[in-house]
Amino acid sequence: MKRLAASGCAFAICLAFGASAWAADVANGKFIFEKTCANCHSIDAGVNKVGPTLFDVVDRPIASIHDYDYSRKMRAVSKQWKVWDEKNLNTYLTNPRQVLHGVKMFFAVPDAKDRADVIAYLTSIK
Ligand code: HEC
């Protein structure tokens, strides 16, 4: 309810909009990204930090930034999963090191709504 209240959405209106009231919230995704992911990732093309740039990452081939030193595990995953589509991002971000033993990134987004919001935000970075 807190998020609904914050978006200035009256209860009756939210009910009327139903599912759309819960559609991915890009602003929340940006907020989460800037608070967390941005410590290790840039959204600028060609800028790698602790992690590789996430510019245009949605539908980008996995481990494809040539001047970034990926772990062996991430390179191996790229042969199975191929690209960072929404499904793979969602699985990965749930718990990177549990889903993919051996990757360097340990930061997780356990909440499904927050993950959807972060992915929606990443989709907007092109
Ligand atoms: C503490 C640092 C850190 C944080 C915080 C972090 N990451 Fe990462 N991330 C990494 C590292 C390091 C890698 C490279 C992993 C490897 O090679 O095993 C990576 C890899 C990735 C990749 C794969 C990119 C590619 O080119 O294949 C994605 C996607 C990603 N991170 C998304 C995120 C998102 C979204 C967040 C925030 C919710 C986040 N990361 C938070 C360090 C971090």
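Report follows, based on the coordinates. Quick caveat, the model's predicted, so the values are computed rather than measured. (Residues numbered from 1 in each chain as written. Predicted model: local features only at pLDDT ≥ 70, side-chain atom pairs only at ≥ 80, totals over all residues. Heavy atoms only, no water.)

Think of it this way: four donors in a tetrahedron around the metal ideally sit 109.5 degrees apart, and six in an octahedron ideally sit 90 or 180 degrees apart. Taken together, the protein ligands of the iron atom of the ligand are H41 (NE2) and M105 (SD), with distances of 2.0 Å. Relative to the metal, the six donor atoms surrounding the iron atom of the ligand lie at angles of 88 to 179°, and the coordination shape comes out octahedral. A residue pair is termed long-range when its members are at least 10 positions apart, and H41 in the loop between α3 (26-35) and α4 (72-81) and M105 in the loop between α6 (96-99) and α7 (112-123) qualify at 64 residues. With a relative accessible area of 9%, H41 lands in the buried category. (Donors = N, O, S within 2.8 Å, 3.2 Å for Na, K, Ca; no water. Tetrahedral: all angles 85-135°; square planar, octahedral: opposite > 155°, others 65-115°. Helix = DSSP H or I, 4+ residues; strand = E, 2+ residues; numbered from the N terminus. Buried < 20%, exposed > 50% of the residue type's maximum accessible area, 1.4 Å probe, protein only.)

With that settled, consider the side chain of D117. Within the secondary structure, D117 sits in helix α7. A relative accessible area of 0% means that D117 is categorised as buried. Apart from residues no more than four positions distant in its own chain, D117 is found in contact with A24, D25, N28 and G29. (Contact = heavy atoms within 4.5 Å.)

Within the structure, the ligand sits among 27 residues, and C37, C40, H41, Y70 and M105 are positioned closest to it. At the level of elements, α5 (86-94) and α7 are the ones that each hand at least two residues to the shell around the ligand. For the shell around the ligand, the element with the highest residue contribution is α5, accounting for three residues. Counted by class, the shell around the ligand contains 21 nonpolar, four polar and two charged residues. (Near = heavy atom within 4 Å. Nonpolar A, V, L, I, M, F, W, Y, C, P; charged D, E, K, R; others polar.)

Remember, this is a structural readout, not a statement about activity or role.
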